[in-house]
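Observations on the three-dimensional arrangement
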Amino acid sequence: MTDNRAATVLQILKQTLALPKWVKGKNDPFETLIVTIISQNTADRNTVKAFENLSNKIEITPEALEKAPISQIESAIRPAGLYKSKTQTIKQAATTILEKYHGTLQPILTLPLEDARKALMQFQGVGPKTADVVLLFSAKQATVPVDTHVNRVSKRLGFAPAKGAYEDVRKNLQLLFAPSDYLAVHVLLIEHGRKTCKARHPLCNTCQVSVYCPTKGQWG
Ligand code: SF4
């Protein structure tokens, strides 16, 4: 099912926003998993810094991270915040991949989408957003990860129920858009949320899709 308004909004966002550089680098599934764990509740700038610190000190492979001292990982990713629990998540992910999947995420990535999501969410600290990011970017699976921006912007634009939970938002977006656009939907709603449809003071007066927005001007 498609929706003309949704298609028009996406078209405008495609024409007015560039895809950010970070989209291009996300291919190796294990790196994507690690960077997404680091990025949880963290500003982009700090995620990039923490990931650079980590990759400068330790090779981003399950083997190297499993062997690395906890203190080394913690100090590298400290700029990202919650560094102790994120270190635990990284360590456990590395160990599980080595012990259960022979050192590669590949067997999970090739499962049907919902099975792959479930398998990834078995990892401690990995929720649906992290699983969906890994599957969309590194396995080209047809899913739309819902981060804080995607969640807010989708609801304001009427693409998802105002009180919808993660799965409601994801499923509504997947019904509204073609699978070939899922990556663009995810990335462009994030960009729109960062630049214009901000959490506290959205810039409705200069918003490029305000004509199509049912909640224009309602957010202070
Ligand atoms: S009009 Fe305002 S609330 Fe609607 S999408 Fe634009 S910035 Fe967001």
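This one's a predicted model, so the numbers in the text were calculated from it and none came from an experiment.

Moving on, we get to the overall build of the chain. Looking only at helices and strands, the chain features 13 helices and 0 strands. Starting at the N terminus and walking to the C terminus, you meet the elements of the chain as α-α-α-α-α-α-α-α-α-α-α-α-α. Taking 17 Å as the expected radius of gyration for a compact globule of 220 residues, we find that the chain reaches 18 Å, a close match to that expectation. The C-alpha extent of the chain, read off along each of the three principal axes, is 55 × 35 × 30 Å. Contacts spanning at least 24 positions in sequence make up 62% of the contacts within the chain whose residues lie at least 6 apart.

Often, the extent of an interface is quoted as the loss of accessible area upon association of its parts. Each assigned domain of the chain is listed with its residue range as follows: domain 1 (4-20 + 144-212) and domain 2 (22-139). Look at where the C-alpha atoms of domain 1 and domain 2 centre, and you get two points 26 Å apart. Listed per partner, the contact involves 10 residues of domain 1 and 7 residues of domain 2. Broken down by class, the residue content of the side of domain 1 that touches domain 2 amounts to 8 nonpolar, 1 polar and 1 charged.

Turning our eyes to something else, we now look at the packing of helix α3 (residues 29-39) against helix α7 (residues 83-101). Between α3 and α7, the shortest axis-to-axis distance is 9 Å and the interhelical angle comes to 160°. Considered as vectors, α3 and α7 are oriented roughly antiparallel to each other. In this structure, the crossing between α3 and α7 has a hand that is right-handed. Side by side, α3 and α7 meet where Leu33, Ile34, Ile37 and Ile38 of the first sit next to Lys86, Thr89, Ile90 and Ala93 of the second.

Reading the values: rules and limits
- Throughout this description, residue numbers start from 1 for each chain and increase along the sequence as written.
- Residue-level local features of this predicted model are given only where pLDDT is at least 70; pairs of side-chain atoms are given and counted only at 80 or more, and the full residue set underlies all totals for whole chains, interfaces and linings.
- Under the scheme used here, helices are H or I runs from DSSP no shorter than 4 residues and strands are E runs no shorter than 2 residues, and both carry numbers assigned from the N terminus.
- We take the radius of gyration over the C-alpha atoms and set the globule estimate at 2.2 Å times the residue count to the 0.38 power.
- Contact between two residues is assigned whenever their backbone-derived C-beta positions fall within 7 Å.
- A domain assignment, automatic or from a database, supplies the domain bounds used here.
- Throughout this entry, Asp, Glu, Lys and Arg are counted as charged residues, while Ala, Val, Leu, Ile, Met, Phe, Trp, Tyr, Cys and Pro are counted as nonpolar. The remaining residues, Gly among them, count as polar.
- Orientation is described by lines fitted to C-alpha atoms, with helices fitted over the stretch in contact, and by angles between N-to-C directions that extend from 0 to 180 degrees.
- The scheme is simple: roughly parallel for angles under 35 degrees, roughly antiparallel for over 145, roughly perpendicular for 65 to 115, oblique for anything else.
- A clockwise turn of the near helix away from the far one marks a right-handed crossing, whereas an anticlockwise turn of less than a right angle marks a left-handed crossing.

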